[in-house]
Amino acid sequence: MTMTREEYEKLVRSCASFAEMPVGAQERILAAVGEEMERYIAIFQEEQQLMAQAVEDFQKETDQIVLDYKTGVQKEKRAKLVAAESGVRRREEDRAEDLLKKL
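Residues numbered from 1 in each chain as written. Predicted model: local features only at pLDDT ≥ 70, side-chain atom pairs only at ≥ 80, totals over all residues. Heavy atoms only, no water.

## Quick notes on the overall build of the protein chain
Scanning the protein chain from terminus to terminus reveals 4 helices and 0 strands. The order of helices and strands in the protein chain, counted from the N terminus, is α-α-α-α. Against the compact-globule benchmark of 13 Å for 103 residues, the protein chain has a radius of gyration of 32 Å, which places it well outside the compact range. Counting across all 103 residues of the protein chain, residues that qualify as buried make up 17%. For the protein chain, the proportion of contacts with a sequence separation of at least 24, taken over those separated by at least 6, is 64%. Accessible area of the protein chain: about 8,500 Å², with a carbon and sulfur share of 58%. (Helix = DSSP H or I, 4+ residues; strand = E, 2+ residues; numbered from the N terminus. Rg over C-alpha atoms; globule rule 2.2 N^0.38 Å. Buried < 20%, exposed > 50% of the residue type's maximum accessible area, 1.4 Å probe, protein only. Contact = heavy atoms within 4.5 Å. Areas by Shrake-Rupley, 256 points an atom, 1.4 Å probe, with all protein chains shown as cover.)

## Topic: a positive patch on the surface
A contiguous patch of positive charge, built from Arg-89, Arg-90, Arg-91 and Arg-95, is present on the exposed surface. Tracing the backbone shows Arg-90 in helix H4 (residues 34-102). (Patch = residues over 30% accessible without salt bridge, like charges linked within 9 Å, V, L, I, M, F, W, Y side chains within 5 Å. Salt bridge = Lys/Arg side-chain N within 4 Å of Asp/Glu carboxyl O. Lys, Arg positive; Asp, Glu negative; His and termini not counted. Charge placed at Lys NZ, Arg CZ, Asp CG, Glu CD.)

## Observations regarding the packing of helix H1 (residues 5-13) against helix H3 (residues 23-31)
Axis separation between H1 and H3 bottoms out at 10 Å; the angle between their running directions is 150°. One finds that H1 runs roughly antiparallel with respect to H3. Between H1 and H3 lies a crossing whose hand is right-handed. Residues Arg-5, Tyr-8, Glu-9, Val-12 and Arg-13 of H1 pack against Ile-29, Leu-30 and Ala-31 of H3. Tallied by class, the residues present in the contact of H1 with H3 amount to 5 nonpolar, no polar and 3 charged. (Axes fitted to C-alpha atoms, helices over the stretch in contact; angles between N-to-C directions. Parallel < 35°, antiparallel > 145°, perpendicular 65-115°, else oblique. Left-handed = near helix turned anticlockwise from the far one by under 90°. Nonpolar A, V, L, I, M, F, W, Y, C, P; charged D, E, K, R; others polar.)

## Let's talk about the pattern of salt bridges
Going through the model one piece at a time under the given rule, you end up with 2 salt bridges. Notably, a salt bridge pairs Glu-56 with Lys-60, separated by 3.3 Å at the nearest N-O pair. Here Glu-56 and its partner Lys-60 are both found in helix H4, 4 residues apart, which amounts to about one turn of the helix.

These figures come from the coordinates and say nothing about function on their own.
If you want it as structure tokens, here you go:
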């Protein structure tokens, strides 16, 4: 997990939890060296992985909601179309029956 100082600072600064920390804590984390820096690397990499997974899960849920909505809309459209076609068919049948009765 060894990183250059620049990579370490980039990792740390890119994490949301770091931005929310008091300035003193940020300074201590940025000044870390050796094993302490390695521990912070592990912590912040895990945070990044968890955030990436959360975003992926959110996207999947959103995609599923949109898909379910589209499916529901399509079913509703089909039901309305079937009802409309049935109404037209019934009117035509009624008109045909009226014509037969008049004969």
